[in-house]
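# Summary of structural features
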Amino acid sequence: MAGLFDPYTIKGLSLKNRIMMSPMCQYQANTDGTVTDWHFVHYGARAIGGIGLIMLEASAVEARGRISRHDIGIWSHEHEAGLKRIVDFGHQYGSKMAIQLAHAGVKAETDEPNVAPTALSHFERYAVPQELTVGEITQIVGAFATAAERAVRIGFDTVELHGAHGYLINQFLSPLTNKRTDEYGGSFEKRLRFALDVIQAVKGVLPAEMPLLLRVSATEYSNEGIDIHEMVKMVAAFKQAGVDMVDCSSGGTLPVAPPAIYPGYQVQFADAIKQGADIPTIAVGLLDTPALAEEVVRNNRADLVAVGRGLLRNAHWAKVAAQELKVTFELPNSYARAY
Ligand SMILES: Cc1cc2nc3c(=O)[nH]c(=O)nc-3n(C[C@H](O)[C@H](O)[C@H](O)COP(=O)(O)O)c2cc1C
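For the structure given in this document, a descriptive report is provided here. (Residues numbered from 1 in each chain as written. Predicted model: local features only at pLDDT ≥ 70, side-chain atom pairs only at ≥ 80, totals over all residues. Heavy atoms only, no water.)

### With respect to the packing of aromatic side chains
The tally for this structure, following the rule as stated, stands at seven aromatic pairs. The interplanar angle of 70 degrees and the centroid separation of 6.3 Å between the aromatic rings of Tyr-262 and Tyr-265 together place this pair among those described as edge-to-face. Under the relative-accessibility criterion, Tyr-262 is labelled partly exposed at 39%. Among the residues examined, Tyr-265 registers a relative accessible area of 12% and is labelled buried. One aromatic cluster is present, built from ring pairs that chain together Phe-40, Phe-89 and Tyr-93. Note that Lys-107 overlies the ring of Tyr-167, its terminal NZ or CZ placed 4.9 Å from the centroid. Here the guanidinium or amino end of Arg-193 rests over the ring plane of Tyr-184, the centre of that ring lying 4.7 Å away. (Phe/Tyr/Trp six-rings, centres within 6.5 Å; stacked < 30°, edge-to-face > 60°. Buried < 20%, exposed > 50% of the residue type's maximum accessible area, 1.4 Å probe, protein only. Lys NZ or Arg CZ within 6 Å of the ring centre and 35° of its normal.)

Quick look at the structure:
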């Protein structure tokens, strides 16, 4: 069985190791959604640090879909040049570059009213949203496709749809936030429709060899919400529609915390989805102990390990992990004498 530092290929995407930098909002973009030097240095440093797949943070497919006024945007031509500079630099150091395409729905904080499947907010922080019309839903599906097309043009190696953490795609999937009675809500099939429309539209603009990633919340930590059993069924449908790999997170639909948070607490979801829906998965969540990350890959519980906060603390997390696991791992020559 392969380990954390062995290469990995999925369709046309070949990674030098199985470490993904987990998407993490930096709230450092200009208010027009363009990236700043912060992003260039932040992502560039992790490329120098040898990360196989760098997933840029939640990037908005339309302005009113931003989590904050300082999110990265990917809805306009104006966003392309800054993102391209980051992607080109990452490629220079052998990292594959990806971007998370997002719409926050009810959890958006911009100058415009927030929108959602249903006029319902479970959070004190977020205003009651406007219910989306079918026409607006079609327009947002188009915005995801346009953003994906833009990502390909910029040079990203893959894209991840943000279907987790109670954001718009998740809001349509969840019976907690989707109370619609039209073709976009009600039955299991109808709750899936928005996600399937987005997947289909995005697949339509991606090159055939480019994998499509999807991040999900495998459980919503509520008896009335999505649980892992329902999510396995959902992923089977997403796979049918063209999703190639699932990034397995949890929570965010309701203001509730997981009952227990411990190293690897979400690995069970990556494992269950991998086995249950027969699809490659990414495990995430307190996996920055190298031996634990290695265990997840070696025992085939997930195909990739995403590291979030561990990579905020140390851009050279991969080098430290390799040393602990006694694996050869070269940083660029300029840093060779440090080790
Ligand atoms: C500062 C910060 C920003 C985050 N932003 C995002 C995001 O943009 N998209 C997303 O899917 N998850 C986001 N997350 C969640 C992380 O991707 C990751 O799933 C989580 O931190 C657990 O992994 P870790 O224990 O390795 O940090 C964020 C987490 C942090 C700490």
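Read on for the rest.
### What about the site of the ligand?
Near the ligand, the surroundings consist of 15 residues, among which Ser-22, Pro-23, Gln-100, Leu-286 and Arg-309 are the closest. Between the ligand and Gln-100 there is a distance of 2.8 Å, counted from a nitrogen atom to a side-chain nitrogen or oxygen. Expressed as a share of its isolated accessible area of 610 Å², the protein-covered part of the ligand is 82%. Most atoms of the ligand, that is more than half of them, are within 2 Å of grid points of the largest pocket. (Near = heavy atom within 4 Å. Polar contact = N/O pair within 3.5 Å; in protein donor to acceptor, adjacent residues only side chain to side chain. Areas by Shrake-Rupley, 256 points an atom, 1.4 Å probe, with all protein chains shown as cover. 1 Å grid on protein atoms, 1.4 Å probe; cavity = no way out; pocket = protein on both sides within 12 Å on 5 of 7 lines; lining within 4 Å. Sits in = over half its atoms within 2 Å of the grid points.)

### Description of the environment of Arg-309
Along the polypeptide, Arg-309 turns up in helix H9 (residues 309–313). With 91 residues separating them along the chain, Arg-309 and Ala-218 place their C-alpha atoms 20 Å apart. Contacts of Arg-309, omitting those with residues within four sequence positions, involve Met-24 and Leu-286. (Helix = DSSP H or I, 4+ residues; strand = E, 2+ residues; numbered from the N terminus. Contact = heavy atoms within 4.5 Å.)

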